[in-house]
Structure formats: structure tokens, C-alpha cells
Amino acid sequence: LVFIDGRVYLRRYWQFETELVAFFKERQHQELKLSKEQTKKAKQLLSEYFADTQQPDQQKLAAMNCLFGQLNIIIGGPGTGKTYTVTRILALLASLSDRPLQIKLAAPTGKAAQRLGEAIREAKQQLNLDLLLNDSIPDNAQTLHRLLGVIPNQLQFRHHADNPIEADVLLIDEVSMVDLPLMTRLCRAIKPETKLILLGDADQLPSVAAGSVLADLVNKPHPGYSETRVRDIHSLDPAFPTQLSTTANNHVTELLFSRRFDRVSGIGVLAQSVIQGEASRSLACFEEYNDIARLPSEKLETLLRQW
């Protein structure tokens, strides 16, 4: 056992957590710069890819932010367009690279991987990319276990620090499902030069096994960006509203606008009340809004039979 900061850990989980902290601390300081030609091309592509979205456009902000760091975490609730955004980011990265990029997509479960592939295929069709660019963005995702290479009857994977995953860009979806041991083993297998993009909803339930990695990696609400990162974002869009912060979270972008439901609708207010742990406010929502209904427990059995 490890006793530290008033907490008791099983040693292996303390080791996993310490290792992950070191990995993310190192990654978040790996900043990238664009050349003049890349800046010019990025401006043009951003205006094409994000031509008809709401303002201020958090999806465009996520795309701009992704160009300046090796670690990128994009969080957002249901319907905020995480996959829509990331397809455009992959198209941007592929267009700005001076060589073909090796891009890999993964998710924790088979169903999540299948959904990610389908969503990227759909988004690619909307973008009308040229043939070469279209082919450079994969639309087949795999599970994390397949990506890492399961060895039957062993805890270790084929890919690890001495045999890392070959990828220029690695995109992981549904990161809220990824537990602490799996995330640590994944990070061990990532090369220093690989750009890592993590997608997920930080307000979802934590993973089934130990750890709530995604929720622990982000501060909500987003505190803002450093002076350097604001300058970088303004080099692509001088008028974009950005918040300066001394506790900057440059590697995180939060998507706030949901296309499934409005934040001021009954379901939106109820969801926020539940997330914030406001029990009495949650119950009051059912009296105030018409788009949600509370089912009395005595009628539940009858309703279940009807459904």
C-alpha cells in the first residue's frame, strides 16, 4: 500500500496514476508552430470547413487549438459535434502536412469503434474532399485492445515503450470509458512525436474499472488559454473571442453548444442540475418545463408493460 496526501492507494494504481501524470505534464508543454505557408492554408481551410456554424464557434476553436500542441483533449456533451469537429481537424492536419500522415482511430469498445468509423465516414461525405485527402483520413476504427495487440493469457500488450504504436496522429474516442490501467498502458505505447487527440464527455459516468481519467484531466468550466496560445489562435482568426488565464488549459477545448437539445430547455437544465448535484433543483425542473415528465413509481410497472 502507498499512503500519500492523506490517501491510501494500492501500489500498482498509485504507480499507474503517477506515470500518467508525468506523461500528460510532459505532453501538454509540447507546443507546435505553423510556417507562414501553413498559416495561410489553415486560414483558407478553416473558413471552408466551418463556414456555417454558430458564433463563437467552439468547434472551430478546437480545430485551431489542435494545430498548436501534441496533446489535444476535446470534451463536450451529447450532440455537441465532437466527431464532426475531429473529422475536420484530421482533414486540416493531412492538408498541412508535407507528407502523407499515418492516422489511427480507436475507442474502448467494439460498438464505440464502429460508431466512430460511421460518423467519420458520414462527415467525410459532407466535406467533399479530393480523392487523395479523402483516402488519407481513415474511417475504420479499432478497439484499444486490438490497437495495443492482445497477447493471449498475458497482461502485457504487443505494443509498449520498447515497441510503440506506429502513428503520426492517434485519435481515441469515448475516453470517459477508459480506465486507469488501460490508459497508462496506452500512453506507454505512444511515441513522443505522435499527436494524441482524446475525445469524450467528461460528465459521463467514469469507467467500470478503477479511475476517472478524462474527468481528472480537465477543469470545468474551461479556465481559458495562455497568452502564447491566444496569440497563436489569433494568427488564424484575429477576431475570435478567447479567454486569457493564468491557470491556462491550452490542451483542452470544451464544446458547449448541443444540436440535440438547448441548454435552457427542460432536459438541458435538468442535465446541468444533475451534473452539479442539485437534487431539489433537479426535481423542480419537472414542474417548470413541458419537454420532460416525471413518472410516478406506482405507475411504472403498467407503463413498462405498455412500452
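Please refer to the structure higher up on the page.
Here we summarise the structure given alongside this text. This one's a predicted model, so the numbers in the text were calculated from it and none came from an experiment.

## Side note on the overall build of the protein
The helix and strand tally for the protein stands at 13 helices and 8 strands. Expected size for 307 residues packed as a compact globule is a radius of gyration near 19 Å; at 21 Å, the protein falls within 12% of this value. In terms of its C-alpha atoms, the protein occupies a principal-axis envelope of roughly 65 × 50 × 40 Å. Expressed as a percentage of the 307 residues in the protein, the buried residues total 46%. For the protein, restricting intrachain contacts to residue pairs at least 6 apart in sequence, the fraction spanning at least 24 positions comes to 74%. Split by element, the accessible area of the protein, about 16900 Å² in all, is 52% carbon and sulfur.

## Things to note about the sheet that holds strand β4 (residues 103-107)
Ordered by their spatial adjacency, 6 strands build an open sheet running β5-β4-β6-β7-β3-β8, and the pairing between neighbours is parallel. Unpaired on one side and paired on the other, β5 (142-143) and β8 (252-255) mark the two borders of the sheet. Sheet topology places strand β3 (residues 71-76) next to strand β7 (residues 195-200); 5 bridges connect them, and they run parallel. By the bridge assignment, I75 is partnered in β7 with G200.

## Digging into the side chain of D173
Structurally, the position occupied by D173 is in the loop between β6 (169-172) and α8 (180-188). Buried and without a salt bridge, D173 has K82 as its closest oppositely charged side chain, separated by 6.4 Å.

## Details of the side chain of S176
Assignment of secondary structure puts S176 in the loop between β6 and α8. Given the relative accessible area of 8%, S176 is considered buried. At a separation of 2.7 Å, a polar atom in the side chain of S176 contacts the side chain of Q204. Each residue touching S176, except ones within four places of it in the same chain, is listed here: D201, Q204, L205, P206, S207 and L214.

## Remarks on the layout of surface pockets
The volume enclosed by the largest pocket comes to roughly 610 Å³. Contributing to the lining of the largest pocket are 23 residues, with G79, K82, T83, A119 and R260 lying nearest its centre. Partitioning the lining of the largest pocket into residue classes produces 6 nonpolar, 9 polar and 8 charged.

## Some details on α8
Within α8, 8 of the 9 residues are buried, which leaves the element mostly enclosed by the surrounding structure. If you check which residues of α8 are buried, you get L180, P181, L182, M183, T184, R185, L186 and C187. Looking at the buried residues of α8, the elements they touch are α1 (11-28), α7 (144-148), β6 and α9 (213-217). Where α8 begins, the capping side chain belongs to D179, and its oxygen is found 2.9 Å from the backbone nitrogen of L182.

Quick notes on the rules
Residues numbered from 1 in each chain as written. Predicted model: local features only at pLDDT ≥ 70, side-chain atom pairs only at ≥ 80, totals over all residues. Heavy atoms only, no water. Helix = DSSP H or I, 4+ residues; strand = E, 2+ residues; numbered from the N terminus. Rg over C-alpha atoms; globule rule 2.2 N^0.38 Å. Buried < 20%, exposed > 50% of the residue type's maximum accessible area, 1.4 Å probe, protein only. Contact = heavy atoms within 4.5 Å. Areas by Shrake-Rupley, 256 points an atom, 1.4 Å probe, with all protein chains shown as cover. Pairing = 2+ DSSP bridges. Lys, Arg positive; Asp, Glu negative; His and termini not counted. Salt bridge = Lys/Arg side-chain N within 4 Å of Asp/Glu carboxyl O. Polar contact = N/O pair within 3.5 Å; in protein donor to acceptor, adjacent residues only side chain to side chain. 1 Å grid on protein atoms, 1.4 Å probe; cavity = no way out; pocket = protein on both sides within 12 Å on 5 of 7 lines; lining within 4 Å. Points joined across faces, edges and corners; volume = space filled by probe spheres on them. Nonpolar A, V, L, I, M, F, W, Y, C, P; charged D, E, K, R; others polar.

The analysis is restricted to geometry; functional conclusions fall outside its scope.
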